[in-house]
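# Structure at a glance
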Amino acid sequence: MTAIPVRQSPLDLIGNTPLVRLSGPSEAAGCDIYGKCEFANPGASVKDRAALFIVRDAEARGELKPGGCVVEGTAGNTGIGMALVCNALGYRTIIVMPDNQSREKMDTLRALGAELVTVPPTKYSDCNHFVHTSRRLAEETQNAIWANQFDNTANRKAHIEGTAREIWEQMDGRIDGFTCAAGTGGTIAGVGMGLKEFDEDVIIALTDPHGAALYSYYADGELKAEGSSVAEGIGQGRITGNLEGAPIDTQFRISDEEGLEWVARLLREEGLCLGLSSGINVAGAVALGKQLRAQGRAAPRVVTILCDTGFRYLSSLYDPAWLKAKGLPVFPWLSAETAQD
Ligand SMILES: Cc1ncc(COP(=O)(O)O)c(C=O)c1O
């Protein structure tokens, strides 16, 4: 009998997430598509992994000392992971977040005891951008470190040593392609680098939402954004420290409508309640599966990331009034009463 091992600390609950075959996407692509269930982490997102590695790295370098403080700028999920990790290790957490992110993420951060600072959403070039604000706050706070998830490569190390190895083992070393979108780029770069170490023939594809600049960068060498997206946590306009050297073989650009269609189908047909970045990733995985088949791979096996839970977006993605206000299609099972004109 192989029992699931007892963990010695709640921090050991981070990672080792399940991998699940997704039947609708597999049927659509004509091959096997798998989702790595990152919503199963204690903070309900992929970002717990980066938070833990960043904190452990800062401790190992002697920068983060007992009773210290971690300051981070985040769309929210890294903040949630960071607050849990810091609570477990006795550190204070200050989180800076743009005020257009989901209410649920802000409420969760406050509930966890993080000190939350919200700032208006601005371009990265603006000195009041949440990333720059968090760096300044870290400089002004005693015994504080700046986690700096965008450029601190302890982030992608979490995926080289953890996520990639887990995927390789769960797939029994038989994987043809991997794809996901980039926020910091830690996941795509880290999983890409890790998988290539196991097998350099695994195709790594970037799935980019509209409004991000990476698709054109990897296609034509130029950082150029088109359109916009309501997806939280993804959509990058620069080559972050984590993206430097990322082994990207191919790229897809996916609309919010395509992503939402997969969010709806995965929920209603497979019982998975996910956020929009997961839907966009799944749309990218279907595109990659089709491309690999067209290139002659017989029965490709493609993996993507199911980044976070849909429960985090009840007041946005799952609210008909919010969707209508954004000009997005309302999920049919929600539209009966509220969405009538
Ligand atoms: C919901 C969600 N999906 C995807 C990502 C992207 O992950 P990464 O920062 O590793 O690129 C994030 C990052 O914050 C996120 O919050």
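The shown structure was predicted, so the numbers you read here are calculated from the model rather than taken from an experiment.

### Side note on the overall build of the chain
Looking only at helices and strands, the chain has 12 helices and 10 strands in total. Taking the principal axes of the C-alpha coordinates as reference, the chain spans close to 55 × 55 × 50 Å. Here the chain holds 341 residues, and the buried ones make up 52% of them.

### Some details on the UniProt feature "domain: Tryptophan synthase beta chain-like PALP" (unreviewed entry) in the chain
Residues annotated by UniProt as "domain: Tryptophan synthase beta chain-like PALP" (unreviewed entry) correspond here to residues 12-308. Helix and strand shares over residues 12-308 are 42% and 17% respectively, and the end C-alpha atoms of the span are 19 Å apart.

### A few points about the site of the ligand
Neighbouring residues of the ligand: 19 residues in total, closest Gly183, Thr187, Gly233, Ser277 and Cys307. Within the residue set of the shell around the ligand, elements represented by two or more residues are α3 (77-89) and α7 (186-198). Grouping the amino acids of the shell around the ligand by side-chain chemistry returns 5 nonpolar, 11 polar and 3 charged.

### A word on the environment of Ala299
Along the chain, Ala299 turns up in the loop between α10 (276-294) and β10 (301-306). In sequence terms Ala299 and Cys31 are 268 residues apart; their C-alpha atoms lie 5.6 Å from each other.

### Quick look at the sheet that holds strand β5 (residues 115-119)
Note on sheets: strands pair through backbone hydrogen bonds, and any given pair is parallel or antiparallel. The parallel open sheet is built from 4 strands, whose spatial order is β5-β4-β3-β6. Either end of the sheet is taken by a strand with one partner, and the two such strands are β5 and β6 (144-146). Each adjacent strand pair in this sheet contributes to an overall mean axis angle of 20°, direction not counted. As defined by bridge partners, strand β3 (residues 69-73) adjoins strand β4 (residues 92-98) across 5 bridges and the pair is classed as parallel. Paired with Val70 across the two strands is Thr93, which belongs to β4. Contacting β3 and β4, α3 runs over the sheet at an angle of about 175° to β4.

### Observations concerning the confidence of the model for the chain
Chain-level pLDDT for the chain is 96 on average; 98% of the residues reach the 70-or-more range. Interface confidence for the predicted complex, given as ipTM, is 0.98, next to a pTM of 0.96.

### Concerning the environment of Arg7
Relative to the elements of secondary structure, Arg7 occurs in the segment before β1 (19-21). Excluding its chain neighbours within four sequence positions, the residues that come into contact with Arg7 are Asp12 and Leu13.

### What to know about the sheet that holds strand β9 (residues 250-254)
Read from one edge to the other, the open sheet built from 6 strands follows the order β1-β2-β10-β7-β8-β9, with strand pairing classed as mixed. The open sheet terminates on both sides in strands that have one partner only, identified here as β1 and β9. Neighbour to neighbour, the strand axes of the sheet diverge by 25° on average, direction disregarded. Of the strand pairs in this sheet, strand β8 (residues 203-209) and β9 are connected by 5 bridges, and their pairing is parallel.

### Let's talk about the pairing of strand β7 (residues 177-180)
Covered by surrounding structure in β7 are Gly177 and Thr179 together with Phe178 and Cys180, the residues of both alternating faces. Where β7 lies against β8, 4 bridges are found, and the strand directions are parallel. Bridge pairing links Gly177 to Ile203 in β8. As a crossover connection, the stretch from β7 through α7 into β8 is right-handed. Looking at chain direction, β7 and β10 are connected through 3 bridges and run parallel. Its bridge partner lying in β10, Gly177 is registered against Val302.

### Things to note about helix α5 (residues 130-140)
Listed as buried for α5 are Phe130, Thr133, Ser134, Leu137 and Ala138. For α5, the angular spread of buried residues about the axis comes to 135°, placing them on one side. Among the exposed residues of α5, those pointing more than 90 degrees away from its buried face are Glu139 and Glu140. Where the residues of α5 are buried, they touch β3, β4, β5 and β6.

### Considering helix α2 (residues 47-60)
Counted at 1.5 Å a residue, the expected span for α2 with its 14 residues is 20 Å, and the 20 Å between its end C-alpha atoms agrees. Within the span of α2, buried status applies to Lys47, Asp48, Arg49, Ala50, Ala51, Leu52, Phe53, Ile54, Val55 and Ala58. In the stretch just after α2, Gly62 is the one whose phi turns positive, near 80°.

### Here's the deal with unusual backbone geometry
Non-glycine residue Asn16 carries a positive phi angle of around 50°. One non-glycine residue with positive phi stands out, namely Asp172, at about 50°. Tracing the chain through its elements places Asp172 in the loop between α6 (154-170) and β7.

The rules we used
- Residues numbered from 1 in each chain as written.
- Predicted model: local features only at pLDDT ≥ 70, side-chain atom pairs only at ≥ 80, totals over all residues.
- Helix = DSSP H or I, 4+ residues; strand = E, 2+ residues; numbered from the N terminus.
- Buried ≥ 20, exposed ≤ 12 C-beta atoms within 10 Å, placed from the backbone.
- UniProt positions renumbered as here; feature names shortened; annotations may be inferred.
- Near = placed C-beta within 6 Å.
- Nonpolar A, V, L, I, M, F, W, Y, C, P; charged D, E, K, R; others polar.
- Pairing = 2+ DSSP bridges.
- Axes fitted to C-alpha atoms, helices over the stretch in contact; angles between N-to-C directions.
- Contact = placed C-beta atoms within 7 Å.
- pLDDT = per-residue confidence, 0-100.
- Right-handed = clockwise from strand over helix to strand, strands pointing away.
- Arc of directions from axis to C-beta.
- Expected span 1.5 Å × (residues − 1).

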